[in-house]
Amino acid sequence: MNIGSHGGSCGHSCCLRIEDLGVKIGNETILEKINLHAHCGELVALIGPNGAGKSTLIKSILGQQDYTGVISFSVPGQRNRKMKIGYVPQSPVFDPGDPVSVADLFCCCMSKRPVFLGASKKMRQTILECLSRVHGEDLINKRIGTLSGGELQRVLLALALEPIPNILILDEPLSGVDVEGMESLMEMLDEIRRDYDLSILMTTHDFGMLDRYADQVVLIDRGIICQGSPKDVLESKAFHAVFHRKGGGV
Ligand code: ADP
Ligand code: MG
């Protein structure tokens, strides 16, 4: 993985910079010439049709996919700091009959103590603090498999925020979430990026949210088709060509 700090010729406080990124799987070019800057406190929405390469780009940033080009990271005045990434994966499925509770899931991720022993008093307090970041303290004893789409996303978000990352990446966090849940999740992300000054990179097919919450929209279809403000991208010919062409479903 080619992640390191960079010199900072970017005029803003640039957190994440992707330069000339390309991904080939076998003989197929999945991504090419991807250039993207995500600044601190900025929400970048990655949009594109199914199979465009959105998840592949995320996997490259996470170091789970080989790529060419450079992915680098910097915080002004703090050279060589390691990038902490918080990641919320795309709709993981849990069995409704699964006895695993929200507290158990946190224990699996954050404690070496066997889960069947239950969370210690101190651990329970830490879990409650994590859940409070997403206003989800009441979810601590619920079974993971019984959570609504919106509740599950909040729990996964709380996990991704411990420790507080420099960049938060979410792969289609709004899919499987009802309209009310979408609204409250986006409000929460908005609050989080302001409170912690972190960059958020998320993929979505819910274009109605972009104007209100995204600073930058990047439309990809194997390469970058269009990028800019939500208005610029949503009103572009390129956007209409990609999403209104026959078979160009989201
Ligand atoms: P999106 O998230 O935009 O829907 P993906 O990044 O999941 O798109 O996939 C982009 C393309 O890369 C698709 O055509 C998919 O089939 C292909 N792809 C992704 N991962 C692999 C893989 N491990 N092996 C082969 N092809 C893959
Ligand atoms: Mg995907």
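Just so it is clear, the model here is predicted, and its values are computed rather than measured. (Residues numbered from 1 in each chain as written. Chains lettered and ligands numbered in written order. Predicted model: local features only at pLDDT ≥ 70, side-chain atom pairs only at ≥ 80, totals over all residues. Heavy atoms only, no water.)

*Asks:* Can you help me understand the sheet that holds strand 8 (residues 199-203) in this one?
*Replies:* Strand pairing within a sheet occurs via backbone hydrogen bonds; the two strands may be parallel or antiparallel. Spatially, 6 strands are ordered 6-7-8-4-9-10 in an open sheet, and the strand pairing comes out mixed. For this open sheet the edge positions go to strand 6 (85-88) and strand 10 (223-228), each flanked by a neighbour on one side alone. Pairs of neighbouring strands in the sheet enclose a mean axial angle of 15°, with direction left out of account. Strand direction decides the pairing type here: strand 4 (residues 43-47) and strand 8, joined by 4 bridges, are parallel. Along strand 8, the bridge assignment pairs Ala45 with Met202. Docked against the sheet, helix 4 (residues 149-160) engages strand 6 and strand 7 (167-171), running at close to 165° with respect to strand 6. Packing against the sheet, helix 5 (residues 179-196) makes contact with strand 4, strand 7 and strand 8, and its axis sits at approximately 155° to strand 8. (Pairing = 2+ DSSP bridges. Helix = DSSP H or I, 4+ residues; strand = E, 2+ residues; numbered from the N terminus. Axes fitted to C-alpha atoms, helices over the stretch in contact; angles between N-to-C directions. Contact = heavy atoms within 4.5 Å.)

*Asks:* What is the right way to read the confidence of the model for the protein from this model?
*Replies:* Interpretation of this model should avoid reading the predicted coordinates in detail wherever pLDDT is low. Here the protein averages 89 in pLDDT, while 89% of its residues score no lower than 70. Within the protein, no element has a lower average pLDDT than strand 1 (residues 3-4), which sits at 46, and none a higher one than strand 9 (residues 216-221), at 98. (pLDDT = per-residue confidence, 0-100.)

*Asks:* What's the story with empty space enclosed by the protein in this structure? I'm lost.
*Replies:* Take a probe with the size of a water molecule and roll it over the atoms, and the empty space left behind shows itself. This structure, assessed with the given rule, holds 1 cavity of 30 Å³ or more. Looking at the largest cavity, its volume works out to about 40 Å³. Its residues assigned to classes, the lining of the largest cavity comprises 8 nonpolar, 1 polar and no charged. (1 Å grid on protein atoms, 1.4 Å probe; cavity = no way out; pocket = protein on both sides within 12 Å on 5 of 7 lines; lining within 4 Å. Points joined across faces, edges and corners; volume = space filled by probe spheres on them. Nonpolar A, V, L, I, M, F, W, Y, C, P; charged D, E, K, R; others polar.)

*Asks:* Is there a simple way to explain the site of ligand 1 in this structure?
*Replies:* Taken together, Ile25, Ile30, Pro49, Asn50, Gly51, Ala52, Gly53, Lys54, Ser55, Thr56 and Arg222 make up the full set of residues adjacent to ligand 1. Between ligand 1 and Ala52, the relevant distance is 3.1 Å, taken from an oxygen atom to a main-chain nitrogen or oxygen of the residue. Separating an oxygen atom of ligand 1 from a side-chain N or O atom of Lys54 is a distance of 2.9 Å. In the complex, 60% of the free accessible area of ligand 1, which totals 560 Å², lies under the protein chains. Tallied by class, the residues present in the shell around ligand 1 amount to 4 nonpolar, 5 polar and 2 charged. (Near = heavy atom within 4 Å. Polar contact = N/O pair within 3.5 Å; in protein donor to acceptor, adjacent residues only side chain to side chain. Areas by Shrake-Rupley, 256 points an atom, 1.4 Å probe, with all protein chains shown as cover.)

*Asks:* How do you make sense of unusual backbone geometry when you look at a structure like this?
*Replies:* For residues besides glycine, phi is generally negative; the peptide bonds are generally trans as well. Cis rather than trans, the peptide bond between Glu162 and Pro163 has omega equal to -5°. In this fold, Pro163 is placed in the loop between helix 4 and strand 7. The phi dihedral of Glu172 falls on the positive side, at around 50°, and the residue is not glycine. Along the chain, Glu172 turns up in the loop between strand 7 and helix 5. Take Glu172: its relative accessible area is 12%, and that puts it in the buried class. Even without a glycine there, the phi angle at Asp197 is positive, about 50°. (Buried < 20%, exposed > 50% of the residue type's maximum accessible area, 1.4 Å probe, protein only.)

*Asks:* I would appreciate a short explanation of the side chain of Asn166 in the present structure.
*Replies:* Tracing the backbone shows Asn166 in the loop between helix 4 and strand 7. Within the structure, Asn166 has its side chain in polar contact with the backbone nitrogen of Lys84 (distance 2.8 Å).

*Asks:* Hey, could you run me through the pattern of salt bridges in this one?
*Replies:* A side chain with one charge can pair with a side chain of the opposite charge if their charged atoms come near. Taken as a whole and assessed by the stated rule, the structure comprises 10 salt bridges. The closest approach of N and O atoms between Arg17 and Glu19, which form a salt bridge, is 3.9 Å. Owing to a relative accessible area of 7%, Arg17 belongs among the buried residues under this scheme. Taken together, the shared-partner salt bridges in this structure form one network comprising Asp190, Arg193, Arg194 and Asp215. (Salt bridge = Lys/Arg side-chain N within 4 Å of Asp/Glu carboxyl O.)

*Asks:* Would you explain helix 1 (residues 54-62) in this entry?
*Replies:* An α-helical turn contains 3.6 residues, so a residue and the one three or four places further along point in the same direction. Of all the 9 residues making up helix 1, 7 are buried; the element is thus mostly covered by neighbouring parts of the structure. Within helix 1, burial applies to Lys54, Thr56, Leu57, Ile58, Ser60, Ile61 and Leu62. Gly63 lies just past helix 1 and shows a positive phi near 80°.

*Asks:* What is the right way to read the state of the cysteines from this model?
*Replies:* Think of a disulfide as a covalent bridge from one cysteine sulfur atom to another cysteine sulfur atom. As enumerated under the stated definition, the model contains 1 disulfide in all. The disulfide that involves Cys15 links it to Cys40, with 2.3 Å between the sulfurs. Disulfide Cys15-Cys40: the torsion about the S-S bond is 65°, which places it as right-handed. With Cys15 in strand 2 (residues 14-25) and Cys40 in the loop between strand 3 (28-39) and strand 4, this residue pair connects regions lying 25 residues apart in the sequence. (Disulfide = S-S within 2.5 Å.)

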